[in-house]
Amino acid sequence: MQALAAVLYQAKEPLVLETVEVLPPGPGEITVRMMAAGVCHSDLHVMKGDLAMKTPIILGHEGAGIVEEIGKGVTSVQPGDHVIPIWRMSCGRCEYCLGGRPALCDVGTAMRFTGLMPDGQTRFRNAAGESILHYAGVSTFSQRSTMPEAAAVKIPTSVSFEHAALIGCGVITGYGAVMHATRVMPGSSVAVIGCGGIGLNIVQTARLAGATTIIAVDRVPAKLAYAKTMGATHLVDACENDPVAAVKDLTGGRGVDHAFEAIGLAEPIEQAYDMTKKGGICVVVGIAPPEARARINVNQLVYAEKTLKGSIYGSTRPRLDLLTLIDLHAQGKIDLDSLLTRTYPLSQINEAYAALDRGEVARSLVMPQEG
Ligand SMILES: [Zn+2]
Ligand SMILES: [Zn+2]
């Protein structure tokens, strides 16, 4: 099978649009016709070389599509089913899967860092016959992608591909940070540093959970405006104010019950920790460069009983929580339309990433079938 795909040959260079060969699904695998794919910062980190990955590789980890073909032994989906790819596949057997933390699965983690399928091979070839790696096991920046059956969850056909693709990364990650990594309660105070695709979903889930103080912190006024739409009660422009002082001012000097860092840099992580109140929880969601180190006042871990923790994939169980989010959206409790700023055909993916890098969009999608 052939497909148009956006291939990263070298970090800091544009993605190359080319036709690739997609191998048919082997046993336990499926091939998905990708209908929408999310333009997310995690991929941008790889494009910029901040997160090292071998190349060539087809990036893209958020998406939604239609199962086109299934391999031997596949039982959870049939051709024609709509699916959301799971960007950290879980094997169901390792200690993390059995412990209810599938995003930490050893098999999924290995796929993310090697770019290989569990059998150590790839399912993409370029015109020269060269093997192309998979990103996060799902490679959504291709019109077709072959992946393990365990890397996709069947969804109702009533949800649009655009909405499903948004739910698959930024929405579930932000939602889970609020509902699973910590537990925001009615009346809680919350601060969010970084109002991109994940931060905005932290804001709207905090609203859903009943938080009465939701402070959004960012340096880009347009992102703060999005945060207000999604439920922020207070906005702090970090270019003009010290975020820690501003959050303390807004909370009677105490700080917030739950602080979230959704950028992935040392300084905002330190700020998020400092604005967490006594007994509060600071959750880091942003992906930092591997060598990043933050300076934390360790004395406060004890005297103030603060908790500092990280969360990947919203600490969720995607097979269950993706479906919960589809229901919440259907009931009007999760807003997806305010998040979606633009769509682009796959051929304009480099422009889509340039706009993301400039901070112009809340969330955008590329539509692989539009070419
Ligand atoms: Zn993402
Ligand atoms: Zn596992």
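Residues numbered from 1 in each chain as written. Chains lettered and ligands numbered in written order. Predicted model: local features only at pLDDT ≥ 70, side-chain atom pairs only at ≥ 80, totals over all residues. Heavy atoms only, no water.

(A) Seen up close, the overall build of the protein chain. Helix and strand counts for the protein chain come out as 11 helices and 18 strands. Against the globule reference of 21 Å for 371 residues, the protein chain gives a C-alpha radius of gyration of 20 Å, in line with a compact fold. In terms of its C-alpha atoms, the protein chain occupies a principal-axis envelope of roughly 60 × 40 × 40 Å. For the protein chain, with 371 residues in total, the buried portion stands at 56%. A separation threshold of at least 6 residues defines the contact pool for the protein chain, and within that pool the share at least 24 residues apart is 69%. As presented, the protein chain carries roughly 14,900 Å² of accessible surface, and 51% of it is formed by carbon and sulfur atoms. Here the protein chain contributes 32 positive and 36 negative side-chain charges, whose respective centroids are spaced 5 Å apart. (Helix = DSSP H or I, 4+ residues; strand = E, 2+ residues; numbered from the N terminus. Rg over C-alpha atoms; globule rule 2.2 N^0.38 Å. Buried < 20%, exposed > 50% of the residue type's maximum accessible area, 1.4 Å probe, protein only. Contact = heavy atoms within 4.5 Å. Areas by Shrake-Rupley, 256 points an atom, 1.4 Å probe, with all protein chains shown as cover. Lys, Arg positive; Asp, Glu negative; His and termini not counted. Charge placed at Lys NZ, Arg CZ, Asp CG, Glu CD.)

(B) Spotlight on the coordination of the zinc ion (ligand 1). For the zinc ion (ligand 1), every protein donor is listed as Cys-40 (SG), His-61 (NE2) and Cys-169 (SG), and the spread of their distances is 2.0 to 2.2 Å. Along the chain, the residues donating to the zinc ion (ligand 1) are arranged with the sequence spacing C-x20-H-x107-C. Within this pair, whereas His-61 is found in the loop between β4 (57-58) and β5 (63-70), its partner Cys-169 is found in helix α4 (residues 161-181), the two being separated by 108 residues in sequence. (Donors = N, O, S within 2.8 Å, 3.2 Å for Na, K, Ca; no water.)

(C) Fine view of the packing of α4 against helix α5 (residues 197-209). Where α4 meets α5, the axes come as close as 7 Å, and the angle between the chain directions of the two elements is 45°. Relative to α5, the element α4 is oriented oblique. Seen from above, α4 lies across α5 with right-handed handedness. Only Gly-197, Ile-198, Asn-201, Ile-202, Thr-205, Ala-206 and Ala-209 of α5 make contact with α4, whose side of the interface consists of Gly-170, Val-171, Thr-173, Gly-174, Tyr-175, Ala-177, Val-178 and Met-179. Tallied by class, the residues present in the contact of α4 with α5 amount to 9 nonpolar, 6 polar and no charged. (Axes fitted to C-alpha atoms, helices over the stretch in contact; angles between N-to-C directions. Parallel < 35°, antiparallel > 145°, perpendicular 65-115°, else oblique. Left-handed = near helix turned anticlockwise from the far one by under 90°. Nonpolar A, V, L, I, M, F, W, Y, C, P; charged D, E, K, R; others polar.)

(D) Spotlight on the sheet that holds strand β15 (residues 276-284). Taken in spatial order, the 6 strands line up as β13-β12-β11-β14-β15-β16 in an open sheet, and their pairing is parallel. Each of the sheet's edge strands pairs with one partner strand only, and the pair in question is β13 (234-237) and β16 (307-310). Here the average twist between neighbouring strands, direction ignored, is 15°. The sheet contact formed by strand β11 (residues 189-193) and strand β12 (residues 213-218) spans 5 bridges and is parallel. When the bridges of β12 are listed, Ser-189 appears paired with Thr-213. Contacting β11, β12 and β14 (256-261), α5 runs over the sheet at an angle of about 170° to β11. (Pairing = 2+ DSSP bridges.)

(E) Structural context of the coordination of the zinc ion (ligand 2). Protein ligation of the zinc ion (ligand 2) involves Cys-91 (SG), Cys-94 (SG), Cys-97 (SG) and Cys-105 (SG), the donor distances falling in the range 2.3 to 2.4 Å. Geometry at the zinc ion (ligand 2) is tetrahedral, judged from the 4 donor atoms that bind it and their angles of 103 to 115° at the metal. In terms of primary sequence, the donors binding the zinc ion (ligand 2) are separated according to C-x2-C-x2-C-x7-C. Of this pair, Cys-94 sits in the loop between β6 (82-85) and α2 (95-98) while Cys-105 is found in the loop between α2 and α3 (106-114), placing the two residues 11 residues apart along the sequence. (Tetrahedral: all angles 85-135°; square planar, octahedral: opposite > 155°, others 65-115°.)

(F) Focus on the pattern of salt bridges. Here the structure, examined in full by the defined rule, presents 9 salt bridges. Salt-bridge contacts for Arg-363 lead to Glu-62; the nearest nitrogen and oxygen are separated by 2.4 Å. Highlighted residues: Arg-363 in strand β18 (residues 363-367) and Glu-62 in the loop between β4 and β5, separated in sequence by 301 residues. Glu-360 is the partner of Arg-358 in a salt bridge, and the nearest nitrogen-oxygen pair spans 2.6 Å. A single network of salt bridges, built from pairs that share partners, joins Glu-29, Asp-119 and Arg-123. (Salt bridge = Lys/Arg side-chain N within 4 Å of Asp/Glu carboxyl O.)

(G) Here's a closer look at the domain arrangement of the protein chain. What the domain assignment lists for the protein chain is domain 1 (2-155 + 339-370) and domain 2 (174-312). The C-alpha-based centres of domain 1 and domain 2 are spaced at 29 Å. Note on domain 1 versus domain 2: buried area summed over both sides is about 1,000 Å², and carbon and sulfur give 69% of it. A per-residue breakdown of the area domain 1 buries against domain 2 is headed by Leu-339, Gly-359 and Ala-362, which together make up 39% of the total. (Domains from an automatic or database assignment. Buried area = accessible area lost by both parts, 1.4 Å probe.)

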